[in-house]
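Residue-level listing of the chains:
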Amino acid sequence: MLKIKNMKKVVILLLTIITIGCKKNPPEPTELYNKYRNSVALIQNSYYFKTSLDNDFEFFYTIEDNEPVFYETEEEAIENAGISFGTGFFISENGELATNRHVVYPSNEDILVGEQINEYLNDLKYKIKKAINEKQTEQSKLVDLWNEYYEYLDYDKKTQIKDEYSNKKNDVLELEELLEKLDFNPSNTITELKRVFLGIAYDNTHVTSLNDFKECVAIKKADDEKVDLAIIQLKDKTTPQRITNVFSLNNQKDTEKLKLNDNVYMIGFNQGIYLAKTDNGIKSQFTQGTITQDPDMNRILYSIPTLPGSSGSPIIDKWGNLVAINFAKTIDYQGFSFGVPSIQLTSLYNNNPIRNTYVNQTNEVNNVKEKERELEKKIITAKSDSYYENQIKELLKAEDERDFNTVANYYDLNNIKRYWDNSNPSYDDLSNAYYKSWKATSNSTNKVISINKESERIYDVNLDFKFYHKRKEEWKTVNSTVRFVFGQNDKIIEVYGIENKTLNQPVTTSNNSSRVNTTTNNVKYLYTTTFDNPPFELSLYEEPNVNSTIRYKCPKNTQVKVVEKYDDTFYKVIVDGYSGYVSKKWLKRQF
């Protein structure tokens, strides 16, 4: 019995010695590099972006130094297509390579692009509004020329003035139509990645031109942008014979079994082709480090320094097992980098296919949640009534103090649509209107009688405007109702007079802040007539001369009440409730 027990001990001891003696040591790092270096490739991605708005505007651009660079045409964008480099590695015999999602689908810097598109459109709006104002000024000059010198103009000159006026009017209409087309709904914006070329170059080969890269197509990407993985494939779907050791997705090391200080290695192309290029062809780099943090299913941290171009590099353990795919370095310090656990790549390869995007190589890259957030920013809830009422009162106070700098702050100068008779006025137009009024008057005050809310952001203000008329040397008080319209950014975009609902009297408007009102209900007039086929809308002047303030633009076919004959040139009339002076030559016979 004792002999049997001793025999068992001897057998166990021998088995232990044999087991220890047969334990396999990990290969040398250089062996791992030589085994897998041919399976790692340099990726080149050439592309540009196209953003389409629902107003038919299209923008073409590339991203350089995280800033969008815009081009006039798509052809120009193709010629200047952005080029980025990354690393990929073969994972099958079918020409499939794994890499990072951001290598294949680079970011389009949505927010910066949106800001620059808005800046471009706002600048274009400003230029169009300025052109409209210039055309309208030229129209007014033609009207003045016509009125002042009509009796001295020959047929050819009259025809010339009519044609010029008609042409400028058409120009204004076209510009106004273009201005309307600039508005767009940001929720309908589509941004596309337009790929020019996607290909790979093999380690230890000469690369002297684009032709040395073998063209690929993108076939899969992770649905979640945080899982920075994608798969590309050679067009012929065949892994070259020179690639003898593809990276296996079947013998991955469980992330939970990775431990702190475990050795890991990376094969990649830091700085893309620029660092890889040597006299003997492009060469990958082999770097090593250790696991520096307990890994989880989302990322693995290791002490391997990386540079741009190493994105998509395989991270292997001391046995050559794929454990991660490099995707990012820690900010401001290159001593540590992150990798996506290889188990995520297996999941993508087996379960998450996406449609082949080779046809036109066009892929929408909009992030739905980002679009929703941007849309929420655009839809701004109106402020309280008291806010808008206070804005109006403060504006009127600034007018009384004749402080134009403060006055201008209450207007949305980029989007103002109307200031009395001025359509889409510029800053200069607004300034001229105010200073012209202030020059003709003094000691002006606005007394608010009532403020009524017409609808959201629209308020009707009934007020008494008291001022001293310098030329007439008399005090005047005018009651009028003025409409203030606020825009989305809660600044004023429209100011104009409306029918005085409380007094049931018409309001005569001018392009200044005096807002002269003339009661016409009980005025006696000599006779009623119409205009004699004028070529354009006639100006109704405050005084009997063409240099005075224009109170109203009279429609061609409207009824005219003649109040008095002022002189041989001007008659005082009432048109649509507005009182003023017009040239007598435009009046038809009495009826």
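Residues numbered from 1 in each chain as written. Predicted model: local features only at pLDDT ≥ 70, side-chain atom pairs only at ≥ 80, totals over all residues. Heavy atoms only, no water.

**Quick word on the overall build of the chain**
Link 1 in the chain: Within the chain one finds 12 helices and 29 strands.
Link 2 in the chain: Counting over 591 residues, the chain shows a buried share of 47%.
Link 3 in the chain: Of the contacts made within the chain by residues no fewer than 6 positions apart, 66% connect residues no fewer than 24 positions apart.
Link 4 in the chain: When the accessible area of the chain is evaluated, it comes to approximately 31,400 Å², of which 47% is carbon and sulfur surface. (Helix = DSSP H or I, 4+ residues; strand = E, 2+ residues; numbered from the N terminus. Buried < 20%, exposed > 50% of the residue type's maximum accessible area, 1.4 Å probe, protein only. Contact = heavy atoms within 4.5 Å. Areas by Shrake-Rupley, 256 points an atom, 1.4 Å probe, with all protein chains shown as cover.)

**Focus: unusual backbone geometry**
Link 1 in the chain: Of note in the backbone geometry, Asn261 takes a positive phi value of approximately 75° without being a glycine.
Link 2 in the chain: Within the fold, Asn261 resides in the loop between β8 (230-234) and β9 (263-268).
Link 3 in the chain: In this structure, Asp490 is a non-glycine residue whose phi angle is positive, near 65°.
Link 4 in the chain: Examined against the element boundaries, Asp490 turns out to sit in the loop between β22 (474-486) and β23 (492-498).
Link 5 in the chain: A relative accessible area of 5% means that Asp490 is categorised as buried.

**Some remarks on the sheet that holds strand β20 (residues 441-455)**
Link 1 in the chain: Taken in spatial order, the 6 strands line up as β19-β18-β23-β22-β21-β20 in an open sheet, and their pairing is mixed. If you trace the sheet from one side to the other, it starts and ends with β19 (422-423) and β20, each paired once.
Link 2 in the chain: Relative to β22, strand β21 (residues 458-469) runs antiparallel, the two sharing 12 bridges. In the sheet register, Tyr459 faces β22, and the bridge partner there is Phe484.
Link 3 in the chain: Contacts from helix α10 (residues 385-400) reach β20, β21, β22 and β23 within the one sheet, and its direction differs from that of β20 by about 165°. (Pairing = 2+ DSSP bridges. Axes fitted to C-alpha atoms, helices over the stretch in contact; angles between N-to-C directions.)

**Brief notes about the pattern of salt bridges**
Link 1 in the chain: Per the stated rule, a full pass over the model turns up 13 salt bridges.
Link 2 in the chain: Between Arg483 and Glu454 there is a salt bridge; the shortest N-O distance is 3.8 Å. You can see Arg483 sitting in strand β22 and its partner Glu454 sitting in strand β20, a full 29 residues away along the chain.
Link 3 in the chain: Sharing partners across several salt bridges, the network here consists of Glu454, Asp460 and Arg483. (Salt bridge = Lys/Arg side-chain N within 4 Å of Asp/Glu carboxyl O.)

**Here we look at the nonpolar core**
Link 1 in the chain: In terms of nonpolar packing, the biggest core is built from 36 residues, with Phe89, Ile282 and Leu345 touching the most fellow members.
Link 2 in the chain: Beyond its immediate stretch of four places on either side in the chain, Ile282 contacts Leu42, Ala201, Tyr202, Asp203, Asn204, Thr205, Val207, Phe269, Ile273, Ala276 and Lys277.
Link 3 in the chain: Among the nonpolar cores identified, the runner-up in size contains 33 residues, and Ile63, Val113, Leu179 and Leu193 belong to it. (Core = buried A, V, L, I, M, F, W, Y, C linked by side-chain atoms within 4.5 Å.)

**Topic: the pairing of β21**
Link 1 in the chain: Sheet topology places β20 next to β21; 11 bridges connect them, and they run antiparallel. Counted as the bridge partner of Asn446 is Phe465 from β21.

**Quick notes on the environment of Ser84**
Link 1 in the chain: Here Ser84 shows up in strand β4 (residues 82-90).
Link 2 in the chain: C-alpha separation for the pair Ser84 and Ile273, spaced 189 residues apart in sequence, amounts to 9.8 Å.
Link 3 in the chain: Sequence-distant contacts of Ser84, that is, excluding residues within four places in its chain, are made with Ile43, Gln44, Asn45, Tyr47 and Val103.

**Let's talk about helix α6 (residues 155-181)**
Link 1 in the chain: With 27 residues, α6 should reach 39 Å at 1.5 Å per residue; the first-to-last C-alpha distance of 39 Å fits that figure.
Link 2 in the chain: Within α6 the residues assigned to the buried category are Lys158, Ile161, Tyr165, Lys168, Val172, Leu175 and Leu179. (Expected span 1.5 Å × (residues − 1).)

**Some points on the packing of aromatic side chains**
Link 1 in the chain: Within the structure shown, the criterion is met by 29 aromatic pairs.
Link 2 in the chain: Seen from their ring centres, Phe49 and Tyr61 are 5.6 Å apart, and the 25° between their planes marks the pair as stacked. Taken as a pair, Phe49 in strand β1 (residues 40-52) and Tyr61 in strand β2 (residues 58-64) lie far apart in primary sequence, 12 residues in all.
Link 3 in the chain: The interplanar angle of 90° and the centroid separation of 5.5 Å between the aromatic rings of Phe59 and Tyr120 together place this pair among those described as edge-to-face. Of this pair, Phe59 sits in strand β2 while Tyr120 sits in helix α5 (residues 110-149); the two residues are 61 residues apart in sequence, bridging distant segments of the chain.
Link 4 in the chain: Accessibility expressed as a relative area gives 7% for Phe59, which makes it buried.
Link 5 in the chain: Look at Tyr120 and you get partly exposed, because its relative accessible area is 42%.
Link 6 in the chain: Ring pairs connect the aromatic residues Tyr47, Phe49, Phe57, Phe59, Tyr61, Phe70 and Tyr120, which therefore count as one cluster.
Link 7 in the chain: Seen from the ring of Tyr105, Lys221 lies directly overhead, with NZ or CZ sitting 4.4 Å from the centre.
Link 8 in the chain: For Lys383, the ring lying beneath its charged end belongs to Tyr387, and the centroid distance is 5.3 Å. (Phe/Tyr/Trp six-rings, centres within 6.5 Å; stacked < 30°, edge-to-face > 60°. Lys NZ or Arg CZ within 6 Å of the ring centre and 35° of its normal.)

**Looking at the confidence of the model for the chain**
Link 1 in the chain: Of all residues in the chain, 83% attain a pLDDT of 70 or more, and the chain-wide mean is 81.
Link 2 in the chain: Across residues 352-379 the pLDDT falls below 50, and counting only partners more than four positions away or on other chains, this stretch makes 59 contacts in the model.
Link 3 in the chain: Taken together, the stretch residues 500-521 has pLDDT below 50 and engages in 87 contacts with residues farther than four places along the chain or on a different chain. (pLDDT = per-residue confidence, 0-100.)

**Points about helix α2 (residues 29-36)**
Since the α-helix turns once every 3.6 residues, residues separated by three or four places project in the same direction.
Link 1 in the chain: Buried within α2 are the following residues: Leu32, Tyr33 and Tyr36. For α2, the buried positions fall inside an angular range of 100° around the axis, keeping them on one side. Exposed residues on α2 whose side chains face more than 90 degrees from its buried face are Thr30 and Asn34. (Arc of directions from axis to C-beta.)

**Focus: the pairing of strand β28 (residues 570-575)**
Link 1 in the chain: Extensive coverage of β28 is indicated by the burial of 5 of its 6 residues.
Link 2 in the chain: Relative to β28, strand β27 (residues 559-565) runs antiparallel, the two being bridged by 5 bridges. Within β28, the position partnered with Lys561 by the bridge is Ile574.
Link 3 in the chain: Between β27 and β28, which follow one another and run antiparallel, lie 4 residues.
Link 4 in the chain: Both β28 and strand β29 (residues 578-583) contribute to a ladder of 6 bridges, which runs antiparallel. Of the residues in β29, the one forming a bridge with Lys572 is Tyr581.
Link 5 in the chain: Between β28 and β29, which pair antiparallel one after the other, the connecting turn spans 2 residues, and Asp576 there sits at a positive phi close to 50°.

**Overview of the side chain of Asp429**
Link 1 in the chain: Note on placement: Asp429 falls in helix α12 (residues 427-440).
Link 2 in the chain: Among buried charged residues, Asp429 stands out as having no salt bridge; its nearest opposite-charge side chain is Lys130, 9.8 Å away.
Link 3 in the chain: In this structure the side chain of Asp429 is engaged in a polar contact, spanning 2.6 Å, whose partner is the side chain of Asn133.
Link 4 in the chain: A polar contact is formed between the side chain of Asp429 and the backbone nitrogen of Ser426, at a distance of 3.0 Å.
Link 5 in the chain: Not counting residues up to four positions away in its chain, the partners in contact with Asp429 are Asn133 and Asn422. (Lys, Arg positive; Asp, Glu negative; His and termini not counted. Polar contact = N/O pair within 3.5 Å; in protein donor to acceptor, adjacent residues only side chain to side chain.)

**Brief notes about the environment of Tyr552**
Link 1 in the chain: Along the chain, Tyr552 falls in strand β26 (residues 550-554).
Link 2 in the chain: The sequence separation of Tyr552 and Tyr541 amounts to 11 residues, and the corresponding C-alpha distance is 7.4 Å.
Link 3 in the chain: There is a polar contact of 2.7 Å between the side chain of Tyr552 and the side chain of Asp576.

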